[in-house]
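Structural description and commentary
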Amino acid sequence: MNEYDVRWAKLADLKDINLLIRSPGVKWFGNIRPKFHGEDSLFCSYQTHRMLALSKVTSKLVAYAEFRNYPPVSALPSDCWLEWLNCRYCLSMSITWLNALFFNFCIYKSENTAVIPEIVEELFYRESRVWFLITIRTPNVQQPSHFAETFTELEHISKIFYPREYSSETNPNTQSLYIVHRTELLPKITFRKALAEDNDDVIAIQEPEMPELRQELGEFYIAEEVMGQDLGDGKSLLVVAETTNRSQETKMALFLWMTSDIDIRFYVRNYHLTSFGNLVKVDPSQLFHFETMTVCSVRRRGAASMFTTTAMEDLIAQTILGGFQRNDSDMSVASAGKFRLRSINGVIVDTNGPDENNFYMRESVYSKFKYIVEKLRSVEYYFRFEEEIVNFMYSSNSLPDGERAIQAASNVFLLKCLVASQDFALPRLFNAMVAMFCAYPDRDYCLLVISKRRKPIRSHIEVLQYFIVGWLPKKHVHKIINYIQFQSMQPVVSRPSGEDNQEDVYITHRSTIFGEISLYKLEKEDVDEVRALMLGNLAAEPAGSEVSSVTYCSKVNEREELENEIQTLNGIMKDVLENEFSEFAVFTIRCGNSSRPARENTSVGFVVLRQFHNLNKLYDHYNLSKHEFSLDRLRAEIISLRLHPLFMVSSDLIFRDLARKTNYYDFYFISPLADQKFTNDLKKKMMVVEPKPVKKAPIFFQVHQKTKQSSISVNLNTPNYSRDHLIVYRHKLKPIKWFTNSTKLVIIGFTSVAKAFLRRLIFQWNNDNKKNLENFTCLGWVQVTVICRPGVVEAEYDNMFQCPYCANTRKCYISYKNSSCFVRDCCARMDLRFWVHFVAGTEMAINREKKCVTLDSCEIPYDTLLLMCGRRFVLRQPENCEQREPVNFLEINSRLSKILLYYKVRALLEDMPRTYSILIYGGNLFTYECIAFLINHGVDCSRMVLVLPHRFTGHEAVDKQKNPFWDKNIQLILDQILADSGLTIFEDYNFQHWVVHESSDFIMGVVFQHFPSRTTMTFECDLFIAFSEGHLYYKHKQMLQDANIELDGDDIVVNDCYRTNDPNIYAAGSFVQIKPEPNYQYQCTSEREIAAKVRDPSFDFLTRSFREYLFPRKLLHHLGIAPQKDFEDRYAEPLHFQGMLPLNYFITKVIMPRRYLTTQLLSQLSCNLTTYKGNTFCRVGLSSHMVVEEIVVVTKQKAHLDFLQHFCGKHELLLNNLRARYKAKTIASLFSFFQEPWTELIMHDKFGDLQAVNRELLRPMALSTLSRVHVSAFQTVTDQDFITLNKCYLEHNLLNFLREHRRDFRHRFALPEDFQMSDLTNWQHYAKAPTEGETEPSTDC
C-alpha cells in the first residue's frame, strides 16, 4: 500500500515547493543552488518530468523531484551524453538514448525516506519504455554543510558505477553513477498459460466491468475454454499474469484471451489493408497463391474540385449538358420529358399553349440549376464511390489455395479480451502488449475488436494508445461517409460493404511495441527516402481517380499542394546539405536500435524545422501568455513532419529527442487555410492554440503581398500573422492531458450555436485561471457527432473559391461572415473537423427508445442528443410542403447557399442576359446584404424586385428587446438609395404561395398578399431569394412530432435547462421556447456566452433569426461538462452582428440583451448619440440607466470591428464620461473615440477582475448607506460618501492594476513614480512613441 500521492508538479505548487526547499530537516541530491533564487526560477529550466509527493495522511508536500532526458552537466552537449557514458564508464547494461532518463534533483523531508522509491515507481509507470534512471554524483568538494547532498536512500534502490579512472587507493574521489533498474524496483509480473483452476480468479477480475459474461456463458466458461484450448487446434490462447510484491506474495492481475482464428478475407474485403500486407506473409521468391477481389472504396473529393470555377467547368464538361449526347436521342437530357412533341408533315411543333413558352425560354437555365448547380447539395458530389481490384497474395507453404493456406500464411492474431484487476497500474499494460507478441513470435500484427453495443472497459481504453483505428460500416454503402473525414487521418479505412456489424477494429504492429524511435540528421543518402515518404501511398496512384465511361482530362490538379510541398522540401534539403549555416534543420525518423548508425535502422518519417521568431505577432489573435517560463527558451517552427501511423504513439519521444538535438523546447506548426500548406502527421498530438474570443482593435482584411524567404533555393511564403487565417499548433514539451466528455453527444445542425458550443467543448481546458494551459499540453478528444446536410461543412472550410468580381475574397459576400470573431474563428483559425465527426445526410427520424438518429443511409446512436437544427430563414409553405424544393428558390442559411446563389446568378447572366428577373423577399439587414452582392456581381437593379413583408409591432415584450438584425432608420435610407438606383420595391406584402411549372420544379411566379388590404399580387421570376424569419423547417418539425417531442407551434418547448420532454434530448437555437417565460431577453444573446453558459432552451422566440445565438455556454453548464460556480440565467455579454451594404458600406451592430424586460422602456426610446465623419456613421444607444446598450457603425473601412463589444454594457461614466463629452461637443467621431489609448484599460483581459475587486470594496458601503432609514437611495449623501471614503481605495487598486499589467498595453500609462524620478528623460524614453508597425492597430490586429 503506497503511503504517498505522487503526481506532476504544477505552477500552483511553486509556493509549497519553495517552502519545502527552504524548510529545515530536508535532504536532497542534485544542484540545489539555483533553487534558492526564488519561486520564479524553479521552473525556468526544462525538465521532462517534475514530480511531487503528498502524504496521504496529512496531505502535505513531502518531496519534489526532477527528471530529464539528458544529464545536468553544463559542459556536456545534450546530444553527446551516450558517447560520454560509454567512454567514461564500463556499464553492464545496454543503455540507449531512449531507454534512460536522468534523475537530476530530488528534495524530501528527512522523516519521509520511503518516498523516493514511490516517486521512481510512479515515473516508471508513466514511462513504459524507460528501463534505467541515472543519477550523477559529482566528486566531493569543500562547501558549506547546507549544500551537502544525501544519496543514502537512493543507494538502497540503485547500483553504483564508477568511471574507468576510479581507484580506491589513488583516485577515490571521482564522479559516480547511481542507476536504478526498472525490473528491480517494480513488482514482478509473470505470464503463464491459464489453467482450469484459474476460473474463479479470472471471473472475479472480469466481474466489475463485464458482469454480463457470466450470465451469458455460465459460471465455468473460462475453465471450459481452457480445456477446449488444450484439446482443440491450438488457435486460442488464454494467458494470466501474476504480480509478486515485496513480501513475495503473488496475485492474479491480468487475463488475456488471444486467438489466431481470424477470417482474413473478411478484413481484406472490408478494409484498406494493402499497406499492412493484407495481414498475410508472401515471399515472391517462393511459391505463393494469387487471388483477386473486387472491393468498394470511397475517395473524398479534393478541395480544388469542389467549388472553384474550374471544378464547375469540369462538372459541366463531364455531363450530357457539357456536349456529350445521349445514345438514344438527339435531345439534351434537359429537354427530355419537358416538351410535348408531334410530327406534322415532318415538322416538329410545340403542342403547349402560348403561356408555356415562358418556361421553354428558361430551359437552359433550368438545366444548369437542376443538373449542375444542384449537384452541390448531393452526397455523391463530395464522395467518390469506386470499385477496385485487390491482388491478394499469400505463401503456399506446400498447401493448396484456400482457407488452410491462408491461415498458414497468416501474419496476425486477435486480442479478444484483456482485463486487469482494479488495483493494477494500467500503464503497466504495455508489458501485456509485449507478452502478446512474444506469445506469437511469427506474427507481426495484432487486431483488437471492440463492440459498440457495450461500454468499453478501462483496460481496452488504456491499450488503444498503441493501436490505430478503422471502422466497419453497416449494410448501407453510404455509411462510409459518416467516418471518412476522421478516417482520412488514419491508414486503416473501412470500405463500403453489405456486412452488418457494430464493431470497431483496431490494429497495431510489432515494431510499435519493440521498436525504438530515434532521430538522425539528414545525409545525402537520405534524400531519396525523404522524397518517398513525402509521396507515401500516392506515388502509385494516378492524379485523377474519377470513374467515367467517357475519357475526360480534368482541369483540376488535386495534387497541386503536394507538388508544391515536394518542391519546397527539395529546396530545403538542398539548402541544408550545401549551406553550413542554413536556417533549416532536417532529421530523419527511424525505427530500430537508437544506439546504432542510421543505415541500420528503418526510416519511418522525417521532420523539417527552423527557429521561430514571430511569437510576438501571434498575441493579437491567439490566446498566448506573454509571461510563460518557456518564453525564455528557443522556439521552433515545424515546416513539415511525416511519420508512419504505426508510430504515432511515440510522439512524446520524438519531440523530446528533437529538443535534445536542437535545444528547441517549444514547437509550433503554422497551418494557413488559404495558402501554401504542409503536412504534419503529429498535429493531433499538438495543442491547438485557441484564438482570442474578442479582439482589441479593428481587424483589417485587405489583401497584401506575400513575402518570400531570401534563400533562392527555398520557395517558402511568410504569412501575415495579423491578417491571414492561420491554425496554430503547439507542443510545449509538457505532459499531455486529455480532455473529453464522458457521454456520446450527437448534434443535429451546424449553425452558429453549434460552432460556439463545439468550440467551448473542445477548449474546455482553456478557462480563466489558465492552470491547465500552464501545466500541460492540452489535447481534446471529444465524443461528438454532428449531422448536417451534404456540402455544408465542406463549404464552410473551403478556401479555394475565388470570386472573379472581387479582388479581395474576404470582402466578397460569399466568404463574409455575419457573426462575431468567436464564431468566425471556428472556420478561420481552427478546424473543428480536427476533433469532431461530421456526418453528411438527411435526418429521417429520432428513435427515443433505441436512442439513435435515423438518417437516409444509417443510424447514429447517442447518449445525449442536441437539437441545433434551426435555420435562420425558412419560408412558410402551407400547401404542397412535401414537394421537392424548386431549383430556382434559395434561402441563404449557410455559405453553401451563397455559393449556390453565385453560380445560379452567373447562369442567369450567361443564358438570359437581357430577360432575367430576380425576386427578393425580406425586410432585415441580411436582405440588403444580398442585394449589395447582386449589384456588385453584375445584376442590373432594374431586373430586381424587392418585396418587404409587413413587420408587426405593438407587442410590448418584443418591442422592448434589442434586435441586431433589423434597423428601421438605416433600412429607410437604404430603401431610398435602392429606389433611386432603379430597383422596384413593394412594401407590406406577405408571402402566400408560389406557382410551379406543371412538369418541373421551377417557380414561374410568386403570390403575395398586401397588409392590411389583403389584395394579392403575382410576380414572375427566374430566381426567388427569401429571407423570411420565424418558421421551423417542415421536415424537422415532422421528425420531432413523430418522436413525440413537445412543440408549441413551430417552437421546441424546453425547461430552464434547455431540456425537452425527453431527458436525453436538449435543444438550442432559433426555435426554442422556455416555459415559463423568463423576465429577461434571451432572443439575441452572445454566441460566446451561450456556448459557455447556455442552460435552458426555453425562450419564447418571436423573432426567430436571433435564437441561434443563444445556448452553448449554458448547455455546457447543464450537461455537467463545464459547470460554473456563479451561474446566472441572465445574459451579460453583447451580441455582435456585421454585414455588407450597398455602395460598399459595412455595418456593425453590437447590442446588449436586456436583463430585466418588465421595467424597460421600448427600444425605440433609447437615448442616442450620433456622429458622422469621414464616411463613418456611429450611433451609441444609452438605456434609462445610462448604460451603453447599442453601438452601430456604418463605414467604408474594410475591417471587422469586434473590439466594440468591450464597450457595450458599460456605464457611460466608465467610458471616460461619454455623455458629458458628447454634450460638450468634444467628440468629433464616436468611432475614433472608442480607439483612443484609454480604451486599452477596459479591453484588458483582467479588467473584469479589477471590477470584481472594486465591487466587493464598494458593496459594504452601499449596503450600510442604503440601510439607514433616514437616507434615501437618491440623496446626494450616498454619492458623497462614495467619493470621499472610497475614491482613494479605487485609485490605489487602479494603479496596482496598471503596475502589474503595464507591459501588456500598447500605449504606456504614466504612473506616479515615473514623475518622482529626478531624471525625467528616463520616463520620456520609456513612454516614447510607438515604433513603426505599432502606429496603426491594423498592422498588429
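These remarks concern the structure in this document. (Residues numbered from 1 in each chain as written. Predicted model: local features only at pLDDT ≥ 70, side-chain atom pairs only at ≥ 80, totals over all residues. Heavy atoms only, no water.)

Looking at the overall build of the protein
- When you go through the protein residue by residue, the secondary structure sums to 41 helices and 56 strands.
- Looking at the protein as a whole, 55% of its 1341 residues are labelled buried.
- Taking contacts inside the protein between residues at least 6 apart in sequence as the whole, the part at least 24 apart equals 74%.
- Summing over all exposed atoms, the protein offers an accessible surface of approximately 58,400 Å²; the carbon and sulfur share of this is 50%. (Helix = DSSP H or I, 4+ residues; strand = E, 2+ residues; numbered from the N terminus. Buried < 20%, exposed > 50% of the residue type's maximum accessible area, 1.4 Å probe, protein only. Contact = heavy atoms within 4.5 Å. Areas by Shrake-Rupley, 256 points an atom, 1.4 Å probe, with all protein chains shown as cover.)

Things to note about the sheet that holds strand 44 (residues 1003–1010)
- One open sheet accounts for three strands, arranged 43-44-45; its pairing is antiparallel. Single-partner strands in this sheet number two, and they are strand 43 (989–996) and strand 45 (1016–1020). Looking at each pair of strands side by side, their axes are set apart by 25° on average, direction ignored.
- Two strands pair when backbone bridges link them, and strand 43 and strand 44 are joined in this way by seven bridges, in the antiparallel orientation. Bridging from a neighbouring strand, Trp-994 pairs with Val-1006 of strand 44. (Pairing = 2+ DSSP bridges. Axes fitted to C-alpha atoms, helices over the stretch in contact; angles between N-to-C directions.)

Regarding a nonpolar patch on the surface
- On the surface, Val-282, Phe-288, Phe-290 and Met-393 cluster together into a nonpolar patch covering about 340 Å² of accessible area.
- Take Met-393: its relative accessible area is 32%, and that puts it in the partly exposed class. (Patch = residues over 30% accessible without salt bridge, like charges linked within 9 Å, V, L, I, M, F, W, Y side chains within 5 Å. Salt bridge = Lys/Arg side-chain N within 4 Å of Asp/Glu carboxyl O.)

Digging into the packing of aromatic side chains
- One pass over the structure, following the stated rule, counts 62 aromatic pairs.
- Aromatic pair Phe-413 and Phe-437: ring centres 5.4 Å apart, planes at 80°, arrangement edge-to-face. Pair noted here: Phe-413 is in strand 16 (residues 412–420) and Phe-437 is in helix 16 (residues 429–439), with a separation of 24 residues, a long-range link.
- Residue class for Phe-413 comes out buried when judged on its relative accessible area of 0%.
- Residue Phe-437 is classed as buried on the basis of its relative accessible area, which comes to 0%.
- By way of ring pairs, the aromatic residues Phe-889, Tyr-921, Phe-986, Tyr-989, Phe-991, Trp-994, Phe-1008, Phe-1019 and Phe-1024 are connected into one cluster.
- Directly above the aromatic system of Phe-834 lies the positively charged group of Lys-684, at a separation of 4.6 Å from the ring centroid.
- The ring centre of Tyr-813 lies 4.5 Å from the NZ or CZ of Lys-898, which sits over that ring. (Phe/Tyr/Trp six-rings, centres within 6.5 Å; stacked < 30°, edge-to-face > 60°. Lys NZ or Arg CZ within 6 Å of the ring centre and 35° of its normal.)

Remarks on the pattern of salt bridges
- Enumeration over the complete set of coordinates arrives at 52 salt bridges.
- A salt bridge links Arg-299 to Glu-386, with the shortest nitrogen-to-oxygen separation between them at 3.2 Å. With Arg-299 in strand 12 (residues 288–300) and Glu-386 in strand 15 (residues 383–395), the pair connects residues that are 87 residues apart, well separated along the chain.
- Taking relative accessible area as the criterion, Arg-299 reaches 28% and is therefore assigned partly exposed.
- For Glu-386, a relative accessible area of 10% corresponds to the buried category.
- Residues Asp-831 and Arg-833 are paired through a salt bridge, measuring 2.9 Å at the closest nitrogen-oxygen approach.

With respect to the side chain of Glu-153
- The topology assignment puts Glu-153 in helix 5 (residues 152–155).
- When its relative accessible area of 10% is taken as the criterion, Glu-153 is described as buried.

Some thoughts on the side chain of Asp-825
- Its place among the elements puts Asp-825 in helix 26 (residues 821–828).
- For Asp-825, a relative accessible area of 1% corresponds to the buried category.
- Discounting chain neighbours no more than four positions away, the residues touching Asp-825 are Pro-691, Lys-692, Lys-695, Arg-759 and Met-830.

Description of helix 30 (residues 968–980)
- The end-to-end C-alpha distance of helix 30 is 19 Å, a good match for the 18 Å that 13 residues give at a rise of 1.5 Å each.
- Considered for burial, the residues of helix 30 that qualify are Ile-970, Gln-971, Leu-974, Asp-975 and Leu-978. In a view along the axis of helix 30, the buried residues occupy a sector of 140°, so they form one face of it. Exposed residues lying more than 90 degrees from the buried face of helix 30 are Ile-973, Gln-976 and Asp-980.
- Downstream of helix 30 by one or two residues, Gly-982 has phi in the positive range, about 105°. (Expected span 1.5 Å × (residues − 1). Arc of directions from axis to C-beta.)

Remarks on the nonpolar core
- The biggest cluster of nonpolar side chains holds 225 residues, and the ones touching the most others in it are Ile-95 and Phe-667.
- The biggest single contributor to this core is helix 27 (residues 895–911), with ten residues.
- If we skip the residues at most four places from it in the chain, Ile-95 touches Trp-81, Leu-82, Leu-85, Ala-100, Phe-132, Ile-134 and Ile-179. (Core = buried A, V, L, I, M, F, W, Y, C linked by side-chain atoms within 4.5 Å.)

Description of the sheet that holds strand 46 (residues 1023–1026)
- Strand order in the open sheet made by the five strands is 39-46-40-41-42, with parallel pairing throughout. The sheet is open, and its two edges are formed by strand 39 (889–891) and strand 42 (984–987), each paired on a single side. Between one strand axis and the next, the sheet turns through 20° on average, direction left out of account.
- Sheet analysis places strand 40 (residues 918–921) next to strand 41 (residues 944–948), joined by four bridges and oriented parallel. Directly across from Leu-919, in strand 41, lies its bridge partner Val-945.
- Packed onto the sheet, helix 27 meets strand 39, strand 40 and strand 46 and runs at close to 145° relative to strand 39.

A look at the environment of Ser-518
- Note that Ser-518 resides in strand 20 (residues 516–521).
- Between the alpha carbons of Ser-518 and Ile-654 there is a distance of 7.2 Å; along the sequence they are 136 residues apart.
- Discounting chain neighbours no more than four positions away, the residues touching Ser-518 are Leu-98, Thr-588, Ile-589, Arg-590, Ser-594, Asn-601 and Asp-657.

By themselves these figures say nothing about function.
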